[in-house]
Amino acid sequence: MTIFRFPVLLLLLSIFFATATKAQPSGKGVTLYGIVQDGQSKTPLPFLTLVLKSENDSAFVSGVLTDENGAFTFTALKKGAYVLQATMLGYQPLQQQVLVGELSAFLDLGVLSMVEDAKMLNEVVVTSKADEVSGKLDKKVVIVADNISQSGGSVLQTIANLPGVTVNQEGKVQLRGSDKVAVLIDGQQTALTGYGAQTGLDNLPASALERIEIINNPSAKYDANASAGIINLVFKKQEQQGFNGKIGMVAGLGALWVKKENLPTIRPQYQGTPKLNPSFSINYRKKSSNIFLQGDWLYSPTLNKNEFATRTYNDGTVIFQQVKRNRRTDYLTAKTGIDHSFNARNSWSISGLFNREKILDKGDNPYFEGNLENRYRLWQFLEDEVKYTAFGTSVFAHKFHQPGHTLLFTTNYSFHREDEQYFFTNTLPTSTGQDAFKLLSDEHVVDFNIDYTKPLKQGRVEAGFKGRYRSIPVNMQFFPGQNSPLDTGAGGWADYYERIPALYGNYVFESQKLELEAGLRVELVDVDYKVNPDHNTYKSDGYRYFQPFPNLRAAYKFDERKKLVLFFSRRVDRPNEVDIRIFPKYDEPELIKVGNPTLRPQFTLSAELGYKISYTRGSFYAAAFHRITDATISRIATQVPGSVLLYNVFQNTGRSWNTGAEFVWQQTLSKFLTLSANATIYRSAFGAYTVVNQYPVPTTYSAEKQERTSGNFKLNALFKFPGNWEAQISSVYLAPDLLPQGRIGSRYSLDVGIKKSVQGGKGEWVLNATDLLNTMQLHKSIRGTDFQLESTDYYETQVVRVGYHWKF
């Protein structure tokens, strides 16, 4: 295939310089519970000795006594086959086969009867996880501290290096070619990372996180929103007793040299941009209570955008332009909370997260017609934006007598304010105008969840309820100057309201050879979007649906090392409020973005077949997947007749398909070197469609069916040297990919990092460089009815950092 060519050769040459992502630790193991009773009288048998042995060699594993109720509990069990034995005078010896599998952290053997006649007893299954791909094959887990080459950067930079993940031209995370991804914080949706959309990832410091979980096939327990999958960001939290914590400081420089010089007559682009990321986390745990506090600050001036474009119209007009945006970002995050156990059965946790993001953008957009001597417009702007986010959560947990039998009540409240001001200078050949607009948006979200879990003899059942109320009042005011391009009739107010009650149920079963997880989520969604009656184009709108969202996971275990898994699910992607927002945005005055209140949800059917084989010091995972999406949401650019202005509007464009395969390989070659590789290859297709962009005037656009094969390759290695030195190099290649009206070009980057552990393992020094060769750039080709646009964005990707962290 020609799409891979030279960059693939570079990747193959750099295989010895890549970085391995480590799997999530197995944690505290599995808990096994049961009750022993007399088979005839049904009375419990107290203070009976039970012994658990390995089935393979009869080696002793653990022993316990039943309590006064005949109940027993084994904890911290690892994956494997066991035999449970008990003897008591007057009873025939009890022997029970126990299989520790990969699906449930708690198991209930139920009632075991000691009678005179022997009885064949059922097997039991327990969960454990290992390797980069979990035993269930449903997610990948990466420890952030192990990612040396991105230490001190943002969450977005860290995620971009993970298996199966890419970042598109708008800075959104994609899983297997789709950006319909939900980003959670500690398993919860928040305004910080977006409800159904992605926000804040390019500024959220990765230093705040313990690990990142990539879930391609979520169960019914998760919201049905996000057809491509879920990325769960798990914040740091210590478990050991007493006072402990960690502090760190990372500093660096970005944009070490200029990728492409500016077009004439504009201000310089950022170069040598400083980066600072101090962080701390402290924890105090004593007996039944735990208090934690962590904070991160990211100061990051960045050449956020540096796009050079050529627009060619059918009438022969050719326009050259540059969009340069120098950005200064201050990003502060603090999280605190307390966990308290009232007794062995009841506990309560309350936590709060606060975030303040300050953005100052200074932009220059020059426009030339025909040649670079004929500038007809210089658009300069200052964006002054402050975002505030506050998120609070309260969890009350009740544990029944049976281990793993729980009932959770969770309440979340999220507030997000967007206070944005733009000031423009519009320089034309005969005049200079001063324009401005101000936007204020306040988002309020209340969630209430009930989650119930009961372990079974060979699995578990889960059920729950979720209710959500969300409101977002937005106000936009325009302040036009001389010869202003601002559309003052498109301002005013608009209010968004969302109400979602949902129910779910999930059943998990496992035997020695088979695994089954089947669930159903039912959602009733009611969305109202109220538009001020003076808007010159759009009117109030909304939508409602009552839909089921099933999911299925079925697996066959050939043996302990090989497994085949089938996934099936139906999911939805609801338009976010910014997708339907009625106000045009003017950071580019000739390529204007605006929402569409008639936008509707898209629904996706997904199927996947995965196979994993584990071998000595390594594993290989392969999966084939297929997705069919109806009412696909896409941005469509149209040209207003008689004008060179382009308008980008979200539309439902019909059916699309995504079919492909993913491969994940990892191998520890020696105590000095671990290699891993990840490849995703897929074919995307958009069916033929016709849409009408209503803003600013009705304009029809039609497209034929489009298809393209794309993919990405990541080759990584981790080196461990004497003297507590570690080194990492990551090589990434992204093949050309399909856009709704064109394509995006290939991309390549190389990241490196080294780490030195000092002070007996309590301290560490890190030095790294992202996009060391400064090769990452975005090339796009867009074709409309009467125009073609070719653009390349030479934004800042090259950053060198040095940092120190100390644990106490």
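None of these values were measured; they are calculated from a predicted model.

Asks: What is the right way to look at the overall build of the protein in this model?
Replies: From N to C terminus, the protein includes three helices and 45 strands. In terms of overall dimensions, the protein is globule-like: its C-alpha atoms have a radius of gyration of 29 Å, near the 28 Å expected for 808 residues. Based on the C-alpha atoms only, the size of the protein along its principal axes is roughly 105 × 60 × 50 Å. Going through the 808 residues of the protein one by one, you find that 57% of them count as buried. Relative to all contacts within the protein whose residues are 6 or more apart in sequence, the contacts with residues 24 or more apart total 69%. Approximately 32400 Å² of the protein is accessible, and the part contributed by carbon and sulfur atoms is 59%.

Asks: Explanation requested: the sheet that holds strand 32 (residues 646-652) in the structure shown.
Replies: The strands making up a sheet associate through backbone hydrogen bonding, with each pair oriented either parallel or antiparallel. Spatial ordering of the open sheet is given by 28-32-31, a layout of three strands whose pairing is mixed. Lying at the two open borders of the sheet, with one neighbouring strand each, are strand 28 (591-594) and strand 31 (633-639). Averaged over all pairs of adjacent strands, the angle between strand axes in this sheet comes to 30 degrees, irrespective of strand direction. Summarising the sheet, strand 31 and strand 32 pair through seven bridges and their orientation is antiparallel. Bridge pairing in strand 32 links Q639 to L646.

Asks: Please explain the side chain of D442 as it appears in this structure.
Replies: Along the polypeptide, D442 turns up in strand 22 (residues 432-456). At a separation of 2.7 Å, a polar atom in the side chain of D442 contacts the side chain of R417. Leaving out residues up to four positions away in the same chain, D442 has contacts with F415, H416, R417, S471, I472 and P473.

Asks: It is not clear to me how the pattern of salt bridges should be interpreted in this structure. Could you clarify?
Replies: Pairs can form between side chains of opposite charge whenever their charged atoms are close. Under the counting rule described, the total for this entry stands at 48 salt bridges. With its nearest N and O atoms 2.6 Å apart, the salt bridge here joins E662 to R176. Taken together, the residues span a long stretch of sequence, with E662 in strand 33 (residues 656-668) and R176 in the loop between strand 10 (173-175) and strand 11 (181-185) at a distance of 486 residues. For the residue pair E662 and R176, the accessibility class agrees, reading buried in each case. Across the pair K562 and D559 runs a salt bridge whose closest N-O atoms are separated by 3.6 Å.

Asks: It is not clear to me how empty space enclosed by the protein should be interpreted in this structure. Could you clarify?
Replies: Here the idea is plain: a probe the size of a water molecule rolls over the atoms and shows the empty space left. Scanning the entire structure with this criterion turns up eleven cavities of 30 Å³ or more. Looking at the lining of the second largest cavity, the elements with two or more residues in it are strand 27 (562-573), strand 29 (602-615) and strand 30 (618-630). When its residues are assigned to classes, the lining of the second largest cavity shows three nonpolar, six polar and four charged.

Asks: Which parts of the structure should I look at to understand the environment of Q512?
Replies: For Q512, the location among the structural elements is in the loop between strand 24 (492-510) and strand 25 (514-531). Classification of Q512 by relative accessible area gives partly exposed; the value is 41%. Sequence separation of Q512 and E560 is 48 residues, and the distance between their C-alpha atoms is 9.6 Å.

Asks: In this structure, what is going on with the sheet that holds strand 4 (residues 71-77)? I would like to understand it.
Replies: The strand order 4-1-7 describes an open sheet built from three strands, whose pairing is mixed. Sheet topology places strand 4 and strand 7 (106-114) at the edges, where each strand pairs with a single neighbour. Across the sheet, the mean angle separating the axes of adjacent strands is 20 degrees when strand polarity is ignored. Here five bridges tie strand 1 (residues 30-38) to strand 4, and the two strands are oriented antiparallel to one another.

Asks: Explanation requested: the environment of F235 in the structure shown.
Replies: Mapping F235 onto the fold places it in strand 13 (residues 229-235). On the basis of relative accessible area, F235 is assigned to the buried category, the value being 3%. Along the backbone, F235 and I744 are 509 residues apart, and their C-alpha atoms lie at a distance of 34 Å. What F235 contacts, discounting residues up to four positions off in sequence, is I185, D186, A208, L209, E210, Q294, T333, K335 and L353.

Asks: Hey, could you run me through the pairing of strand 16 (residues 289-299) in this one?
Replies: Side chains on a regular strand alternate between the two faces of the sheet. Strand direction decides the pairing type here: strand 15 (residues 273-286) and strand 16, joined by nine bridges, are antiparallel. Within the sheet, the bridge partner assigned to L276 lies in strand 16 and is Y299. The antiparallel hairpin formed by strand 15 and strand 16 contains two residues in its connecting segment, where K287 sits at a positive phi of about 55 degrees. Pairing of strand 16 with strand 18 (residues 318-341), which is carried by eleven bridges, proceeds in the antiparallel orientation.

Asks: I keep staring at the confidence of the model for the protein and nothing clicks. Help me out?
Replies: Regions with low pLDDT carry predicted coordinates that are not meant to be interpreted in detail. Averaged over every residue, the pLDDT of the protein is 87; residues scoring 70 or more account for 92%. The low-confidence segment residues 1-26, where pLDDT is below 50, has 83 contacts with residues more than four positions distant or belonging to other chains. Overall, residues 117-130 carries pLDDT values under 50, and its contacts beyond four positions in sequence, including any with other chains, amount to 57 contacts.

Asks: What should I look at first to understand the environment of L715 in this one?
Replies: Inspection of the secondary structure assignment puts L715 in strand 37 (residues 706-721). For the pair L715 and V527, spaced 188 residues apart in sequence, the C-alpha separation works out to 44 Å.

Asks: I'm lost on the packing of aromatic side chains in this one. Help?
Replies: How two aromatic rings sit relative to each other is set out by the distance from centre to centre and by the angle between their planes. What the rule picks out here adds up to 28 aromatic pairs. For the pair F72 and F74, a centre-to-centre distance of 6.0 Å together with 70 degrees between the ring planes defines the contact as edge-to-face. Note on accessibility: F72 and F74 belong to one class, buried. Between the aromatic rings of Y556 and F558, the centroid separation amounts to 5.1 Å while the plane-to-plane angle is 85 degrees, which identifies the pairing as edge-to-face. Judged by its relative accessible area of 35%, Y556 falls in the partly exposed class. Through a chain of ring-to-ring contacts, three or more aromatic side chains come together here, namely W379, F381, Y422, F424, F437, F478 and Y586. We note K260 situated over the ring of F308; from NZ or CZ to the ring centre the distance is 5.2 Å.

Asks: When you look at unusual backbone geometry in this model, what are you seeing that I'm missing?
Replies: With glycine set apart, most residues show a phi of negative sign, and most peptide bonds adopt trans. Cis geometry is found at the peptide bond from Y695 to P696, where omega equals -5 degrees. Secondary-structure assignment places P696 in the loop between strand 35 (689-693) and strand 36 (699-703). Although it is not a glycine, A255 sits at a positive phi angle of roughly 50 degrees. One can find A255 in the loop between strand 14 (242-254) and strand 15. Non-glycine residue D771 carries a positive phi angle of around 45 degrees. You can see D771 is positioned in the loop between strand 42 (763-770) and strand 43 (778-783). What makes D771 buried here is its relative accessible area of 2%.

Asks: Would you take a moment to explain the pairing of strand 22 for this structure?
Replies: Here strand 21 (residues 406-427) runs beside strand 22; their pairing, made up of 22 bridges, is antiparallel. Pairing of D419 across the sheet is with L440, part of strand 22. Between strand 21 and strand 22, which follow one another and run antiparallel, lie four residues. In this sheet, strand 23 (residues 459-479) lies alongside strand 22 in antiparallel orientation, the contact comprising 19 bridges. Within strand 23, the position partnered with S441 by the bridge is V474. Hairpin connection of strand 22 to strand 23: two residues between the antiparallel strands.

About the criteria used
Residues numbered from 1 in each chain as written. Predicted model: local features only at pLDDT ≥ 70, side-chain atom pairs only at ≥ 80, totals over all residues. Heavy atoms only, no water. Helix = DSSP H or I, 4+ residues; strand = E, 2+ residues; numbered from the N terminus. Rg over C-alpha atoms; globule rule 2.2 N^0.38 Å. Buried < 20%, exposed > 50% of the residue type's maximum accessible area, 1.4 Å probe, protein only. Contact = heavy atoms within 4.5 Å. Areas by Shrake-Rupley, 256 points an atom, 1.4 Å probe, with all protein chains shown as cover. Pairing = 2+ DSSP bridges. Axes fitted to C-alpha atoms, helices over the stretch in contact; angles between N-to-C directions. Polar contact = N/O pair within 3.5 Å; in protein donor to acceptor, adjacent residues only side chain to side chain. Salt bridge = Lys/Arg side-chain N within 4 Å of Asp/Glu carboxyl O. 1 Å grid on protein atoms, 1.4 Å probe; cavity = no way out; pocket = protein on both sides within 12 Å on 5 of 7 lines; lining within 4 Å. Points joined across faces, edges and corners; volume = space filled by probe spheres on them. Nonpolar A, V, L, I, M, F, W, Y, C, P; charged D, E, K, R; others polar. pLDDT = per-residue confidence, 0-100. Phe/Tyr/Trp six-rings, centres within 6.5 Å; stacked < 30°, edge-to-face > 60°. Lys NZ or Arg CZ within 6 Å of the ring centre and 35° of its normal.

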